[in-house]
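Structural features, examined
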Amino acid sequence: MTIRIHFLPDNVTADAEVGEALLDVAERAGVLIPTGCLMGSCHACTVELEDGEIIRACLTSVPPGKDELTINVFSDPTW
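Residues numbered from 1 in each chain as written. Predicted model: local features only at pLDDT ≥ 70, side-chain atom pairs only at ≥ 80, totals over all residues. Heavy atoms only, no water.

Details of unusual backbone geometry
- Of note, the bond from L8 into P9 is cis; its omega dihedral lies within 30 degrees of zero at 5 degrees.
- Within the secondary structure, P9 is located in the loop between β1 (2–8) and β2 (12–17).
- Phi is positive for N11, which is not a glycine, with a value near 60 degrees.
- Within the fold, N11 resides in the loop between β1 and β2.
- Since its relative accessible area comes to 52%, N11 is described here as exposed. (Helix = DSSP H or I, 4+ residues; strand = E, 2+ residues; numbered from the N terminus. Buried < 20%, exposed > 50% of the residue type's maximum accessible area, 1.4 Å probe, protein only.)

So, the side chain of T70
- Relative to the assigned elements, T70 resides in strand β5 (residues 68–73).
- Excluding its chain neighbours within four sequence positions, the residues that come into contact with T70 are H6, L8, E48, L49 and E50. (Contact = heavy atoms within 4.5 Å.)

Considerations on the nonpolar core
- By size, the foremost hydrophobic cluster in this structure holds 20 residues, and its most contacted members are I5, F7, I33 and I71.
- For this core, the secondary structure elements donating two or more residues are β1, β2, α1 (22–29), β3 (46–49) and β5.
- Take this core: its biggest share by element is 4 residues, from α1.
- Not counting the four nearest positions on each side in its chain, F7 is found in contact with V12, V25, A26, A29, V31, I33, I71 and V73. (Core = buried A, V, L, I, M, F, W, Y, C linked by side-chain atoms within 4.5 Å.)

A look at the side chain of E20
- Looking at the secondary structure, you find E20 in the loop between β2 and α1.
- We classify E20 as buried; its relative accessible area is 18%.
- A polar atom in the side chain of E20 sits 2.4 Å from the side chain of R28.
- If we ignore the near neighbours within four places in the chain, the residues touching E20 are V25, R28, S61 and V62. (Polar contact = N/O pair within 3.5 Å; in protein donor to acceptor, adjacent residues only side chain to side chain.)

Functional significance is not addressed by these values, which are geometric in nature.
Spelled out as structure tokens, the structure:
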């Protein structure tokens, strides 16, 4: 199943498959999500979903059950 992913604040949209890693979708779309440890403990890849839920993109894949997903990418100058 294909889901449309909308990345903010860059206003970039990409199609993704359920189960695909969010970092892979972002990279394919040309959206930079900073990473550090790639294990979720450093929080460099923290993003916010449209409902306000904070997730770590390095540990998260595209979820089932939605047609669209909006992801707010934070800009953290330390990463």
